[in-house]
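Structure assessment
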Amino acid sequence: MKAVKYTAYGSPEVLKMVDLEKPIPKDNEILVKVVSTTVTSGDVRMRSSDFPPVAWLIARLMFGLFKPKKEILGHEFSGVVEAVGQHVTKYKVGDAVFGTPTSLATGSYTEYLCIPEERKKGVLAVKPTNLSFDAAAALPVGGMTALFLLKKANLSKGQHVLVYGASGSVGSIAIQIAKAYGATVTAVCSNTNAEMVQSLGADEVIDYKKVDYTTLDNKYDIVFDAVGKTSKSKAKKVLQPDGQFVTVAAITSPGQAHLDELKELASAGTLQPFIDKSFPLSVIAAAHAYVDQGRKKGNVVIKVAENL
Ligand SMILES: NC(=O)c1ccc[n+]([C@@H]2O[C@H](COP(=O)([O-])OP(=O)(O)OC[C@H]3O[C@@H](n4cnc5c(N)ncnc54)[C@H](OP(=O)(O)O)[C@@H]3O)[C@@H](O)[C@H]2O)c1
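Residues numbered from 1 in each chain as written. Predicted model: local features only at pLDDT ≥ 70, side-chain atom pairs only at ≥ 80, totals over all residues.

**Some remarks on the domain arrangement of the chain**
Many descriptions give the size of an interface as the accessible area lost when the pieces come together. The line we're drawing: Domain borders in the structure are assigned automatically or taken from a domain database. Only Asp, Glu, Lys and Arg are considered charged in this grouping, and only Ala, Val, Leu, Ile, Met, Phe, Trp, Tyr, Cys and Pro are considered nonpolar; every other residue, Gly among them, is considered polar.
Its domain assignment divides the chain into domain 1 (2-139 + 273-303) and domain 2 (141-247). Relative placement of domain 1 and domain 2: their C-alpha centres are 27 Å apart. Here the side of domain 1 that touches domain 2 is built from residues that sort into 3 nonpolar, 6 polar and 2 charged.

**Some points on the nonpolar core**
In plain terms, the rule: Here, a nonpolar core denotes buried Ala, Val, Leu, Ile, Met, Phe, Trp, Tyr and Cys residues that are linked to one another through C-beta atoms within 7 Å. Remark: C-beta atoms are placed from the backbone, and a residue is labelled buried if 20 or more other C-beta atoms sit within 10 Å of its own, exposed if 12 or fewer do, or partly exposed between those counts. Once C-beta atoms have been placed from the backbone, residue pairs whose C-beta atoms lie within 7 Å are recorded as contacts.
Counting residues in hydrophobic clusters, the biggest one holds 88 residues, and the most contacted among them are Leu-162, Val-163, Ala-174, Ile-175, Ala-187 and Phe-224. Lining this core are residues from two domains, each supplying at least three of them: domain 1 (2-139 + 273-303) and domain 2 (141-247). Contacts of Leu-162, omitting those with residues within four sequence positions, involve Thr-186, Val-188, Tyr-213, Tyr-220, Val-223, Phe-224 and Val-238.

**A closer look at the site of the ligand**
Test applied: Here, nearness is defined through the C-beta atom: a residue counts as near a molecule or strand if that backbone-placed atom lies within 6 Å of it. Secondary structure elements are defined from DSSP: runs of H or I of at least 4 residues count as helices, runs of E of at least 2 residues count as strands, and each element is numbered from the N terminus.
With respect to spatial proximity, 28 residues lie near the ligand, and among them Ser-167, Gly-168, Ser-169, Ser-190 and Val-248 are the closest. Going through the elements one at a time, helix H1 (41-48), helix H4 (140-152) and helix H5 (169-180) are the ones with two or more residues in the shell around the ligand. For the shell around the ligand, a count of residues per class yields 7 nonpolar, 16 polar and 5 charged. Per-domain counts for the shell around the ligand show at least three residues from each of domain 1 (2-139 + 273-303) and domain 2 (141-247).

See the structure below:
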């Protein structure tokens, strides 16, 4: 099977297509033929070892001091179950699934993945029929991060939520989650992405290149920093006295319940991950180079199986 490996930190050219043995599922595992995966900001950060200076050493100790420990990147996927181990009960051959390869030996830049039916870290579910394989692959990382942080901020009906950096993967799905909960949403993004965030449900759009949101008269129940480029001290200026600030710069720990809720919202037609571009696995370096620019809109998908 084909997979994409990196054995050294660096520019997108460190990503190399390799041939590997197709894995065989253990008794408690399913074998998934991967259809789509994505290039997340986490993937490019790990590939280039672009960690914040304060956390650099800890990150390198975790992910590999001199070279990456886990040589196959890819943080989310969708695919089709091709085989099941004899103790598997929840999935059957032919099921369309989506999830994250968290805690597995490899990421999802590969044609096949073996995944335990149950795992403490990492999520898996049957794909909503109304989501394409591309859209389903783009839901877990951004969606679970957004849902985890909005729940931490006690998102509820009738609130006014400001999403700072609303055009990224996390921001674009945060708009939709907040709307699904019955909130009013102000999206902060550049003018280029105003139409996009409005199409996702934003009630009001602020161009961060022209207006400093902290000078606004409005007061918000939640300020959600979806790109890690604002701060609590800035947000305080526009927060209600009991308002909440949450940020993607914090460590998040979403789990299966978050994926299940996203799945429900998607099945009801309330969520639709925004896809900016799609690339075949063979040119994944070009996809990484694009995401490296930090300007992607929503999600960048990698098509692993072309015919599905
Ligand atoms: N904590 C977690 O568990 C977790 C999980 C996932 C992601 N993250 C982090 O979340 C951050 C966002 O990731 P992502 O993939 O959602 O975003 P992304 O796609 O990398 O963000 C790109 C978007 O951000 C916008 N942007 C860039 N600079 C901006 C600024 N100064 N103000 C407002 N918008 C700006 C860009 O729009 P313009 O081109 O118009 O500026 C672009 O659309 C990353 O730092 C990532 O590492 C954290």
